[in-house]
Amino acid sequence: MKDTTHLLHTGRDPQAHHGVVNTPVYHASTIIFPSLADLDTVGQKKYPSVTYGRRGTPTTFALEKAVSEIEQGAGSILLPSGINAIATALMAFLETGDHLLMIDSAYDPTRSLTQGILARMGIETTFFDPLIGDDLQNLIQPNTRVVFLEAPGSLTFEMPDIPTLTKIAAAHDLTVMMDNTWATPLYFKPFSYGVHISLHAGTKYIVGHSDAMVGIATAADEETFLKLRKTAGDLGLHLSPGDAALAARGLRTMGVRLPVHMQNGLELAAWLQAQPDVVRVLHPGLSSDPGHAIWSRDFTGASGLFSCIVKPKPRAALAHMLDHLELFGMGFSWGGYESLILPAKPSRAVRNFDPEEGWLVRLHAGLDDCDDLKADLAAGFKRYAEF
Ligand SMILES: *Cc1c(COP(=O)(O)O)cnc(C)c1O
């Protein structure tokens with residue numbers, strides 16, 4: 001079965017709920033057991049079973065099953081946000097005295113977590129160049145435990161060679177975690193490339209409508225899954241049933257939304273390349289992009305998120321361009337149906353962009369008609385040129 005079909009059918013069972021198509025939203029804390037014998041089975045039954053609201057309900061189990069099946073993992077857990085999924089995975093696999101290798105192009109709050117809580121717990125982090133390749137082995141220490149990847153890089157879209165990095169990690173018995181938010185479970189299959197834990201801000205394309213915060217961690221194997229679940233359980237983490245239902249609903253249409261985001265993104269990226277005020281476009285789906293060969297080898301598609309560098313002019317010129325856009329909104333996050341634009345400043349030692357070149361501007365191509373989006377941007381560039 002193709003993923004787009006599978007997405008419609010996985011993780012729901014209408015006949016278990018009076019024929020209702022979508023798994024109903026179970027609001028629950030206490031679960032009443034009919035007998036002492038049933039109560040005595042708590043903790044003995046195979047997961048998932050309904051024992052207490054914090055431990056999951058049919059609503060959350062349905063979403064976990066759907067994501068895990070699409071991503072071809074052993075099991076998923078749901079968490080209150082994407083950054084929390086990242087934090088939980090790192091806390092499950094690292095302890096005081098351990099060393100973490102993190103890709104330098106990781107999402108800024110992920111980097112910030114390593115410098116804050118993890119540093120306080122006595123965990124040391126080394127950031128590595130996303131294009132490091134085989135030289136990753138030179139950074140491995142006796143206490144290295146985890147390699148953390150994100151592809152492509154946040155804001156600057158560097159494309160790491162994932163199979164090369166996971167091969168080195170495997171040779172040293174390291175756990176590999178990957179933030180797979182950009183590609184979604186549809187366009188990159190981390191477990192076929194040596195990743196052990198795939199992490200998602202479900203907030204983005206899985207929810208798909210900018211109205212819920214959702215984190216998901218999926219494990220390649222049972223042992224990794226149980227460790228993740230134990231850590232999330234010990235920390236008391238839980239995703240609200242309403243948000244789980246929104247994510248499950250979003251997931252059903254992801255197979256038709258993503259191709260439009262991809263197509264609009266590629267078309268805008270190519271159009272932007274031809275604009276006189278654009279220095280460069282950073283999108284691995286463009287054949288001119290340095291990461292294109294790796295992207296086309298390992299990924300089956302692109303989402304709608306990419307960046308461009310706009311020629312330097314005063315901040316007021318940028319405001320003149322962005323403040324009057326009609327279809328592109330300015331705001332954090334992405335992955336909803338709407339188009340977004342955001343000037344960004346990565347905090348790391350970036351190699352794919354030099355602030356001297358101009359403004360780094362990140363775009364999210366929404367589901368609008370692409371000609372309308374181009375017209376909106378063209379008017380913006382005209383204001384920029386005239387400033
Ligand atoms: C948004 C985002 C996150 C964090 O997700 P939240 O749900 O906002 O916490 C993590 N990684 C990437 C790549 C993101 O874009």
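Remember, it's a predicted structure, so these values are computed and weren't measured experimentally.

Thresholds, definitions, all that
Residues numbered from 1 in each chain as written. Predicted model: local features only at pLDDT ≥ 70, side-chain atom pairs only at ≥ 80, totals over all residues. Heavy atoms only, no water. Helix = DSSP H or I, 4+ residues; strand = E, 2+ residues; numbered from the N terminus. Buried < 20%, exposed > 50% of the residue type's maximum accessible area, 1.4 Å probe, protein only. Pairing = 2+ DSSP bridges. Near = heavy atom within 4 Å. Polar contact = N/O pair within 3.5 Å; in protein donor to acceptor, adjacent residues only side chain to side chain. Areas by Shrake-Rupley, 256 points an atom, 1.4 Å probe, with all protein chains shown as cover. Nonpolar A, V, L, I, M, F, W, Y, C, P; charged D, E, K, R; others polar. Phe/Tyr/Trp six-rings, centres within 6.5 Å; stacked < 30°, edge-to-face > 60°. Axes fitted to C-alpha atoms, helices over the stretch in contact; angles between N-to-C directions. Contact = heavy atoms within 4.5 Å.

(A) Main features of the environment of Ala16. Among the secondary structure elements, Ala16 is positioned in the loop between helix H1 (3-9) and helix H2 (36-39). For Ala16, a relative accessible area of 49% puts it in the partly exposed group. Sequence-wise, Ala16 and Leu101 are 85 residues apart; in three dimensions their C-alpha atoms are separated by 45 Å.

(B) Examining the pairing of strand E11 (residues 359-364) more closely. With 6 of 6 residues buried, E11 lies mostly within the body of the structure. Here E11 shows a buried face lined by Trp359, Val361 and Leu363 and a second buried face lined by Leu360, Arg362 and His364. Relative to E11, strand E9 (residues 305-310) runs antiparallel, the two being bridged by 6 bridges. Pairing of Ile309 across the sheet is with Leu360, part of E11. Note: strand E10 (residues 340-343) against E11, 4 bridges, orientation antiparallel. Of the residues in E11, the one forming a bridge with Pro343 is Val361.

(C) Region of interest: the site of the ligand. The local shell around the ligand consists of Ser81, Gly82, Ile83, Ile86, Tyr107, Glu150, Asp179, Ala201, Thr203, Lys204, Met213 and Trp334. With respect to the ligand, the side chain of Asp179 contributes an N or O atom lying 2.6 Å from a nitrogen atom. For the ligand, whose accessible area on its own is 380 Å², the fraction buried by protein is 91%. Ranked by residue count, the leading element in the shell around the ligand is helix H4 (residues 82-93), at 3 residues. Looking at side-chain class alone, the shell around the ligand contains 6 nonpolar, 3 polar and 3 charged residues.

(D) Structural detail: the pairing of strand E5 (residues 175-179). Burial runs high along E5: 5 of the 5 residues are buried. On E5, burial covers both faces: Thr175, Met177 and Asp179 on one face and Val176 and Met178 on the other are all buried. Pairing between strand E4 (residues 144-150) and E5: 5 bridges, direction parallel. Counted as the bridge partner of Leu149 is Met178 from E5.

(E) Broad picture of the packing of aromatic side chains. Throughout the structure, instances matching the rule amount to 7 aromatic pairs. Arranged with centres 5.4 Å apart and planes meeting at 80°, the rings of Tyr47 and Phe61 form a pair that is edge-to-face. Of this pair, Tyr47 sits in the loop between H2 and helix H3 (58-71) while Phe61 sits in helix H3; the two residues are 14 residues apart in sequence, bridging distant segments of the chain. Residue classification places Tyr47 among the partly exposed positions, given a relative accessible area of 24%. Ring plane angle 70° and centroid distance 5.5 Å describe the contact between Tyr205 and Trp334, whose orientation is recorded as edge-to-face. Note that Tyr205 is positioned in the loop between strand E6 (197-201) and strand E7 (215-219) and Trp334 in the loop between helix H11 (315-322) and E10, a separation of 129 residues in sequence. According to the relative accessible area criterion, Trp334 is buried, its value standing at 9%. Each residue in the set Trp182, Phe188, Tyr193 and Phe299 is aromatic and connected to the rest through ring pairs, giving one cluster.

(F) Here's a closer look at the sheet that holds E11. Spatial ordering of the open sheet is given by E8-E9-E11-E10, a layout of 4 strands whose pairing is antiparallel. The open sheet has two edge strands with one neighbour each: strand E8 (278-282) and E10. When the angles between neighbouring strand axes are averaged without regard to direction, this sheet yields 25°. Pairing of E8 with E9 involves 4 bridges; the strand directions are antiparallel. Along E9, the bridge assignment pairs Val281 with Cys308. Contacting E8, E9 and E11, helix H9 (residues 241-273) runs over the sheet at an angle of about 10° to E9.

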